[in-house]
Amino acid sequence: MRPAVSALILSLASAVALAQAPQFSNAVRGFIKVDAPVVALTNVRVIDGTGTPARENQTIVIKSGAIAALGDAAQVKPPEGATILDLAGKSVMPGIVMVHEHLYYPTGPGVYGQLGESFIRLYLAGGVTTMRTGGNVNGFMDFKLKRLIDDGQKAGPALDATAPYLNGPNTFSQMRELKGPDDAKRQVDYWADEGATSFKAYMNIRRDELGAAVQEAHKRGLKITGHLCSVTYKEAADLGIDNLEHGFLAATDFVPDKQPDVCPGQGQGQQTIAALDENGEPFKALVKTLVDKHVALTSTLTVFETFTPGRPMPPGLDVLLPQLKDQFIQAYTRAQQNQQSVYIKLFPKALSLERAFVKAGGLLIAGTDPTGAGGVIPGYSNQRQLELLVEAGFTPLEAISIGTLNGAKYLGRDARIGTLAAGKQADLLVIDGNPAATIADVRKVELVFKQGVGFDPVALIESVKGKVGLW
Ligand SMILES: [Zn+2]
């Protein structure tokens, strides 16, 4: 009984702490445009994140980090002394909540540069107010940055900070190798003690190791996701995993003669996915298993788009260090010329399989994955991911819900974030346009309110421009 009671008191205390923004350092203050005891956003179009149609001529009152009132201009009047922002012609939507983010980026052959300092600013500038890092290759940085952001010492989204990857034998110089199920359990405990709030299994983990990690993470009240290969989606679902990354593009369930615990190669799996019939029984059976076992699926279309011939240059490259920008443009050019690429069939297939998963009742969440050969730029790519969900056949309102409410649901934070309503945390974006009608308008983020404080995307981007790659 006692642990349950103290857990309840703790969660109430943290809910109160969440609503109110912290004391900010001077460095963070330089990125803030609106910070007043009471702020009223008037004449604005509200996209509330639930998927219901946008409402015109609304007033939102922000106080003590939360939405104090939200409703028709005729009913909700700005309180006396409020700082008023007249947002005629503009929209507000919830802050983006995405779950396959990283604080690292491919900077050289097999080298991932630790770019947490610039990435947290870029994510916030792009409208991301909460995110999970989907695996780390640094050790402690993700947890430390989470704390510094929470304490107001750095500008960035609220982080669900993932531990270093749980993987089997591998050739990544920045990644450890598990030595069996006991070791998996020990790793989960160690990193949870250090401040990890979630876990990620990777391509060469064994079933017994994954099972042990799932058990231990759940025992500690934490979730675990996977970018898998050696373990199939079905096997992982049966072991109790919470989430699977990269839509169906990492599934090896359909590889003929797949050996247990052995990754047949990502390419082998992807050949079978490219040829998969979304109306066929094998795929439908897998989807049913995932839905029945409440396994969420993360869409990361942005990273796959960079490999796919015939796709546009991704947005945001100008923030990169010039050498890194050149490096990506060369990779992009090579991808464009590769007419044998599996992605010519695989990329459109990824879109239709994700759509089928949602139609069958699955929880689709979104992320961007700034890895691959580069070109997935934090903030810009989160906006691009929403555009790609619309390309997959979701309405703009549905895409926005996937990128806000669904992420919040997965993280267990939907009582406070992910939608806009009186009483919710004031995490919201002011957009110069109407993304409910034209999803590309999500690129026009003018202000990012986090816990009721309005950050300036231009100042955040200017502070890192041309240096992303150094820090
Ligand atoms: Zn990733």
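All figures in this text were calculated on a predicted structure; none of them were measured in a lab.

Asker: Give me the lowdown on the overall build of the chain, citing residues and values where you can.
Answerer: Helices and strands together make up the secondary structure of the chain, namely 15 helices and 19 strands. Rg of the C-alpha trace for the chain: 22 Å, near the compact-globule value of 23 Å for 471 residues, within the 12% margin. Summarising its shape, the C-alpha atoms of the chain cover approximately 70 × 60 × 45 Å along the three principal directions. Taking the contacts inside the chain whose residues are at least 6 apart along the sequence as the reference set, 73% of them involve residues at least 24 apart. As displayed, the chain has an accessible area near 18400 Å², and 54% of this comes from carbon and sulfur atoms. Side chains of the chain carry 46 positive and 47 negative charges; the gap between the two charge centres is 2 Å.

Asker: Lay out the pairing of strand β18 (residues 445-450) in plain terms, naming residues and giving numbers.
Answerer: Regular strands have side chains that alternate between both faces of the sheet. Of all the six residues making up β18, five are buried; the element is thus mostly covered by neighbouring parts of the structure. One ladder, built from four bridges, connects strand β17 (residues 428-431) with β18; its direction is antiparallel. Opposite L429, over in β18, you have V448 as the bridge partner. Pairing geometry for β18 and strand β19 (residues 453-455), over three bridges, is antiparallel. Looking at the pairing, K450 lines up with V453 of β19. With antiparallel pairing between neighbouring strands as the criterion, β18 and β19 make up a hairpin whose turn holds two residues, including Q451 at a positive phi of roughly 50°.

Asker: Explain the side chain of K450 residue by residue, including any values.
Answerer: In this fold, K450 is placed in strand β18. The buried charged residue K450 lacks any salt bridge partner; its closest oppositely charged side chain belongs to D150, at an N-O distance of 5.4 Å. Separated by 2.8 Å, the side chain of K450 and the backbone oxygen of G156 make a polar contact. If near-sequence neighbours (up to four positions away) are discounted, K450 is found in contact with L124, T129, I149, G156, P157, A158, A426, D427 and F455.

Asker: Give me the layout of surface pockets: which residues, what numbers.
Answerer: Of the volumes computed, that of the second largest pocket is approximately 430 Å³. Contributing to the lining of the second largest pocket are 24 residues, with Y202, H227, F307, T371 and G372 lying nearest its centre. Only α8 (266-274) and α10 (301-305) provide two or more residues apiece to the lining of the second largest pocket. The residue inventory of the lining of the second largest pocket, partitioned by class, reads 14 nonpolar, eight polar and two charged.

Asker: Give me the coordination of the zinc ion: which residues, what numbers.
Answerer: The zinc ion binds to the protein through H100 (NE2), H102 (NE2) and D369 (OD); the donor distances cover 2.0 to 2.5 Å. For the zinc ion, the single-chain donor residues occur in sequence as H-x1-H-x266-D. In this pair, H100 sits in strand β7 (residues 96-101) while D369 sits in the loop between β16 (364-366) and α13 (380-391), placing the two residues 269 residues apart along the sequence. With respect to burial, H100 and D369 carry one shared label: buried.

Asker: Any chance you could break down the nonpolar core for me, citing the residues and the numbers?
Answerer: By size, the foremost hydrophobic cluster in this structure holds 107 residues, and its most contacted members are F199, F248 and F455. Broken down by element, this core gets its largest block of residues, seven residues, from helix α12 (residues 343-359). Discounting chain neighbours no more than four positions away, the residues touching F199 are T162, A163, L166, Q187, V188, W191, A192, A217, L222, K223, I224 and T225. With 19 residues, the next largest nonpolar core counts I67, V92, A426 and L428 among its residues.

Asker: Tell me about the sheet that holds strand β11 (residues 158-160), and name the residues and values.
Answerer: Pairing is parallel in the open sheet, where three strands are placed in the order β7-β10-β11. Two strands close off the open sheet at either side, each with one partner strand: β7 and β11. Averaged over all neighbouring strand pairs, the angle between strand axes comes to 20°, with direction disregarded. Summarising the sheet, β7 and strand β10 (residues 128-133) pair through four bridges and their orientation is parallel. In the sheet register, V97 faces β10, and the bridge partner there is T130. In the packing of α13 onto the sheet, the strands contacted are β7 and β10, and the crossing angle to β7 comes to about 100°. Most of the contacts of helix α14 (residues 396-411) go to β7, to which it runs at about 65°, and overall it touches β7, β10 and β11.

Asker: Pulling in residues and values, what's your account of the environment of F304?
Answerer: Following the sequence through the fold, F304 ends up in helix α10. The residues contacting F304, other than those within four sequence positions of it, are H246, L249, Q270, Y343 and F347.

Asker: Before we move on, can you summarise the pairing of strand β13 (residues 223-226) with the specific residues and values?
Answerer: Bridge analysis of strand β12 (residues 198-201) against β13 gives four bridges, and the strand direction is parallel. Each residue of the ladder has a partner; that of K200, found in β13, is T225. With helix α6 (residues 207-219) bridging β12 and the parallel β13, this β-α-β connection has right-handed handedness. One ladder, built from two bridges, connects β13 with strand β14 (residues 243-244); its direction is parallel. Counted as the bridge partner of G226 is L244 from β14. Crossover handedness for the path β13 to helix α7 (residues 233-239) to β14: right-handed.

Asker: How would you explain the sheet that holds β14 if you had to name every residue and give the values?
Answerer: Taken in spatial order, the five strands line up as β12-β13-β14-β15-β16 in an open sheet, and their pairing is parallel. Only two strands of the sheet have a single neighbouring strand rather than two, namely β12 and β16. Pairing geometry for strand β15 (residues 296-299) and β16, over three bridges, is parallel. Bridge pairing in β16 places T298 opposite I365. Contacts from α14 reach β13, β14, β15 and β16, with the element oriented near 110° to β16.

Asker: How would you summarise the environment of P260 if you had to cite specific residues and measurements?
Answerer: For P260, the position within the fold is in the loop between β14 and α8. The spatial distance from the C-alpha of P260 to the C-alpha of R206 is 8.4 Å, given a sequence separation of 54 residues.

So, how was this worked out
Residues numbered from 1 in each chain as written. Predicted model: local features only at pLDDT ≥ 70, side-chain atom pairs only at ≥ 80, totals over all residues. Heavy atoms only, no water. Helix = DSSP H or I, 4+ residues; strand = E, 2+ residues; numbered from the N terminus. Rg over C-alpha atoms; globule rule 2.2 N^0.38 Å. Contact = heavy atoms within 4.5 Å. Areas by Shrake-Rupley, 256 points an atom, 1.4 Å probe, with all protein chains shown as cover. Lys, Arg positive; Asp, Glu negative; His and termini not counted. Charge placed at Lys NZ, Arg CZ, Asp CG, Glu CD. Buried < 20%, exposed > 50% of the residue type's maximum accessible area, 1.4 Å probe, protein only. Pairing = 2+ DSSP bridges. Salt bridge = Lys/Arg side-chain N within 4 Å of Asp/Glu carboxyl O. Polar contact = N/O pair within 3.5 Å; in protein donor to acceptor, adjacent residues only side chain to side chain. 1 Å grid on protein atoms, 1.4 Å probe; cavity = no way out; pocket = protein on both sides within 12 Å on 5 of 7 lines; lining within 4 Å. Points joined across faces, edges and corners; volume = space filled by probe spheres on them. Nonpolar A, V, L, I, M, F, W, Y, C, P; charged D, E, K, R; others polar. Donors = N, O, S within 2.8 Å, 3.2 Å for Na, K, Ca; no water. Core = buried A, V, L, I, M, F, W, Y, C linked by side-chain atoms within 4.5 Å. Axes fitted to C-alpha atoms, helices over the stretch in contact; angles between N-to-C directions. Right-handed = clockwise from strand over helix to strand, strands pointing away.

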